[in-house]
Amino acid sequence: MTAATSSPRRAPGGSNWLSLVVLVGVCYLVAALGALASSNAGEVYASLDRPAWAPPSWLFGPVWTVLYGLIGVSAWLVWRRHGPAARTALVWWGVQLALNLAWTPLFFGAGQYGPAFVDIAALLAAVVVTLVLFLRLRRAAALLLVPYLLWVAFAAALNLSIWLANT
């Protein structure tokens, strides 16, 4: 086997920009669906007993806006590779995105802080798996997920703290 056949192939250039728009768009669609499920998130967050280290509600929008963009670009870098490893990595990317989507309606929409914590713990694990799989294919794709991983870990700790304080 030659070096050319052992490494993942890149996708043809013409469709790359369209795929970038689609993948980033999927991420922002998840954000929009979460927002629809929790139109009163600011009120709910303000009404909760929160730890002293909880960020102000206005911070979440800008942080998630940046993170969703990074998540989409990261997937695009992996999408440009072909082969079973890229497909597996992108399946995990989809899994973490689905878990991400489920959290907002659980936490804000239904006020189910315990199940929301279970979801975000699974999300954290799925982000770790995705990051590791992306790292095997494209280091830059994995590095783009690091801020997301850190924020989800922080959000999981915050979710747990809120759950314990509000039960």
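Relevant structure appears above.
Residues numbered from 1 in each chain as written. Predicted model: local features only at pLDDT ≥ 70, side-chain atom pairs only at ≥ 80, totals over all residues. Heavy atoms only, no water.

Enquirer: Please give an account of the environment of Ser-19 that cites residues and values.
Expert: Mapped onto the fold, Ser-19 is located in helix α2 (residues 16–37). A sequence separation of 57 residues divides Ser-19 from Trp-76, and the C-alpha atoms of the two residues are 6.9 Å apart. Here Ser-19 is in contact with Trp-76 and Trp-79, once residues within four sequence places are set aside. Within the structure, Ser-19 has its side chain in polar contact with the side chain of Trp-76 (distance 3.1 Å). (Helix = DSSP H or I, 4+ residues; strand = E, 2+ residues; numbered from the N terminus. Contact = heavy atoms within 4.5 Å. Polar contact = N/O pair within 3.5 Å; in protein donor to acceptor, adjacent residues only side chain to side chain.)

Enquirer: I'd like a rundown of the packing of aromatic side chains, residues and numbers included.
Expert: Overall, the coordinates contain 13 aromatic pairs when judged by the stated rule. Ring plane angle 70° and centroid distance 5.8 Å describe the contact between Phe-60 and Trp-151, whose orientation is recorded as edge-to-face. Taken together, the residues Phe-60 in helix α4 (residues 60–79) and Trp-151 in helix α7 (residues 139–165) connect sequence positions 91 residues apart. The pair formed by Phe-60 and Trp-151 is uniform in burial state, with each residue classed as buried. Taken together, a centroid distance of 6.0 Å and an interplanar angle of 75° make the contact between Trp-64 and Tyr-148 edge-to-face. Here Trp-64, found in helix α4, pairs with Tyr-148, found in helix α7; they are 84 residues apart in sequence, far enough to count as distant. Judged by relative accessible area, which is 0%, Tyr-148 ranks as buried. Members of the aromatic cluster, each reached through a chain of ring pairs, are Tyr-45, Trp-53, Phe-60, Trp-151 and Phe-154. For Arg-50, the ring lying beneath its charged end belongs to Tyr-45, and the centroid distance is 4.5 Å. Across the ring face of Trp-76, the terminal group of Arg-80 is positioned such that the distance to the ring centre comes to 4.9 Å. (Phe/Tyr/Trp six-rings, centres within 6.5 Å; stacked < 30°, edge-to-face > 60°. Buried < 20%, exposed > 50% of the residue type's maximum accessible area, 1.4 Å probe, protein only. Lys NZ or Arg CZ within 6 Å of the ring centre and 35° of its normal.)

As far as function goes, none of this settles anything; it's purely spatial.
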